[in-house]
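# Reading the structure
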Amino acid sequence: MTGNQASAGHLLRLIRTGDATTRGALQRTTGLSRSTVGHRLDQLFGAGWIREAAPGPNGSGEPPTRGRPSTRLEFDGSHAVVLVADLETRYARAAVLDLAGRPLAEHHGPLLVEDGPDVVLDALGAWFGRLLGEADVPAAKVCGVGLSVPGPVDHASGLVVQPPIMPGWDGYPVADRMRRAYAEHVGAPEGAVAGGPLPVLLDNDANLMAFAEQRAGHPDCTAFLLVKVSTGIGAGLVVDGEMYRGIDGGAGDIGHIRLHDRTDALCMCGSYGCLAAVASGRALAGQLTAAGVPTASGSDVNAHLAAGQPDAVRLAREAGRRVGEVLVTVVTVLNPGVLMLAGELAGTPFLTGVRELLYQRAMPRTTAHLEVVTSRLGDRAGPAGAGAMVVEQLYAPDRADARLAARSL
């Protein structure tokens, strides 16, 4: 590794990943001289991004020695914070996280995504202002905002694209509006970060949940698939540690795959026969209500399941079988190592239904090394994924170098 590939930003990546965590290891890995490594580390120390830690027995990249252990370097996750929000259809969660993903303050409450972006983002701005006060964190420490939304997001443009359950959000400039709400409620200028306006990043909720769950519980899985079943149905895929979004954010939208035998089921997208119209939390709420069990939402379905309500248990298992029908094809194409079920319906009855169909219809070769599990992080997955997304982007080598350059101006 030479030239720009061994910039301060690249040294930071080596430290963050644990590939090289001492000065000597950085020299050997990059081929840089001791003085050059020292100069670039000085930049990172000056920004407050790294710190010295107690020497560790292994993993530093240093060969064993009999002398004094080398000082270990590590990313300092306390030097800044990220504001995150996880939007569902009827409620939201918001938090202040340090850069290691630890929550410093949290809030959740009702928030209707169908009220539109102006109402929702203004409410989030107010929540963020209160949370920073609770955490006793100054606005100057905020390095970015991460939003998890229940719809497709074009990663290149940062726009929500044709979301079936988010009326008024299609093509809306979410980042700009979030910055204005932040400025109004936090009392900080929109350009509070050196080098430009406050970074506001957003992505699909299933993508971010998959990103968080893979990192937290399955870091060695090179093909990780998460299926979220709540108001709608969506999937997130992490390949080689990176979210796979497709060419314009449409990857994983399995809720709108058509079922051949349910052409009577009208979906929120306007089509008939979609998986989400048959097996989502919204669909089961309607089916339970029709069966004489009043149920307003997927959350209510979850409450019935927790209480062991027989109709809810039966319908959740059948919904799992319908989702399993679609996942037979998805798993055959993707060949993941882990299939994780998450969301309001992802309990034992639903899991049982998915497994029944999957193992019955998929080729044994496809499922021989497949783990089918449920969420480990639960409600924390969306906020954790949103925070990790911001940190990974802001401290990527090129972005880190640009931020360091802006600091020196």
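It should be noted that the structure appears before, not after, this text.
In what follows, the accompanying structure is described. (Residues numbered from 1 in each chain as written. Predicted model: local features only at pLDDT ≥ 70, side-chain atom pairs only at ≥ 80, totals over all residues. Heavy atoms only, no water.)

## Quick word on the packing of helix H4 (residues 117–135) against helix H5 (residues 174–186)
Where H4 meets H5, the closest approach of the two axes is 8 Å, and the angle between their N-to-C directions is 45°. Considering their axes alone, H4 and H5 lie oblique with respect to each other. Considering how the two elements wind past one another, H4 and H5 form a crossing that is right-handed. Only Val174, Arg177, Met178, Ala181, Glu184, His185 and Val186 of H5 make contact with H4, whose side of the interface consists of Asp118, Leu121, Asp122, Leu124, Gly125, Ala126, Phe128, Gly129 and Leu132. A per-class count over the contact of H4 with H5 returns nine nonpolar, three polar and four charged. (Axes fitted to C-alpha atoms, helices over the stretch in contact; angles between N-to-C directions. Helix = DSSP H or I, 4+ residues; strand = E, 2+ residues; numbered from the N terminus. Parallel < 35°, antiparallel > 145°, perpendicular 65-115°, else oblique. Left-handed = near helix turned anticlockwise from the far one by under 90°. Contact = heavy atoms within 4.5 Å. Nonpolar A, V, L, I, M, F, W, Y, C, P; charged D, E, K, R; others polar.)

## Remarks on the pattern of salt bridges
Applying the stated criterion to the full structure yields 21 salt bridges. Taking the shortest distance from any N to any O, the salt bridge between Arg16 and Glu392 comes out at 2.8 Å. Here Arg16 is found in helix H1 (residues 8–17), whereas its partner Glu392 is found in helix H13 (residues 381–394), with 376 residues between them in sequence. Residue Arg16 is classed as partly exposed on the basis of its relative accessible area of 26%. When its relative accessible area of 28% is taken as the criterion, Glu392 is described as partly exposed. (Salt bridge = Lys/Arg side-chain N within 4 Å of Asp/Glu carboxyl O. Buried < 20%, exposed > 50% of the residue type's maximum accessible area, 1.4 Å probe, protein only.)

## Concerning the pairing of strand S4 (residues 91–98)
When you tally the buried positions in S4, you get seven out of eight residues, the bulk of the element. Sheet analysis places strand S3 (residues 81–87) next to S4, joined by seven bridges and oriented antiparallel. The residue bridging Asp86 from the neighbouring strand is Arg93, located in S4. Connecting the antiparallel pair S3 and S4 is a turn made up of three residues. Inspection of the sheet shows S4 paired to strand S5 (residues 103–110) by seven bridges, in the antiparallel sense. When the bridges of S5 are listed, Ala92 appears paired with Gly109. (Pairing = 2+ DSSP bridges.)

## Points about unusual backbone geometry
For Asp240, which is not glycine, the phi torsion reads 50° and is therefore positive. By secondary structure assignment, the location of Asp240 is in the loop between strand S11 (233–239) and strand S12 (242–244). We classify Asp240 as exposed; its relative accessible area is 59%. Positive phi, close to 55°, is recorded for Asn335, a residue that is not glycine. Mapping Asn335 onto the fold places it in the loop between helix H10 (310–334) and strand S13 (338–342).

## Some words on empty space enclosed by the protein
Here the structure, examined in full by the defined rule, presents one cavity of 30 Å³ or more. In this model, the largest cavity occupies a volume close to 50 Å³. Surrounding the largest cavity, Glu88, Thr89, Arg90, Tyr91, Thr231, Ser297, Gly298, Ser299 and Glu344 form its lining. A breakdown of the residues in the lining of the largest cavity according to their chemical character gives one nonpolar, five polar and three charged. (1 Å grid on protein atoms, 1.4 Å probe; cavity = no way out; pocket = protein on both sides within 12 Å on 5 of 7 lines; lining within 4 Å. Points joined across faces, edges and corners; volume = space filled by probe spheres on them.)

## Quick notes on the sheet that holds strand S6 (residues 142–149)
Hydrogen bonds along the backbone pair up the strands of a sheet, which may run parallel or antiparallel. Spatially, the five strands line up as an open sheet ordered S5-S4-S3-S6-S9, and their pairing is mixed. The sheet is open, and its two borders are formed by S5 and strand S9 (200–204), each paired with just one other strand. Within the sheet, the average angular offset between the axes of one strand and its neighbour, ignoring direction, is 15°. Examined bridge by bridge, S6 and S9 share five bridges and lie parallel to one another.

## Points about the environment of Val113
Among the structural elements, Val113 can be located in the loop between S5 and H4. Under the relative-accessibility criterion, Val113 is labelled buried at 3%. Counting along the chain gives 16 residues from Val113 to Gly129, while the straight-line C-alpha distance between them is 20 Å. The residues contacting Val113, other than those within four sequence positions of it, are Glu88, Thr89, Val120, Ile165, Met166, Pro167 and Trp169.

Scope: geometric values only; no functional claims are made or implied.
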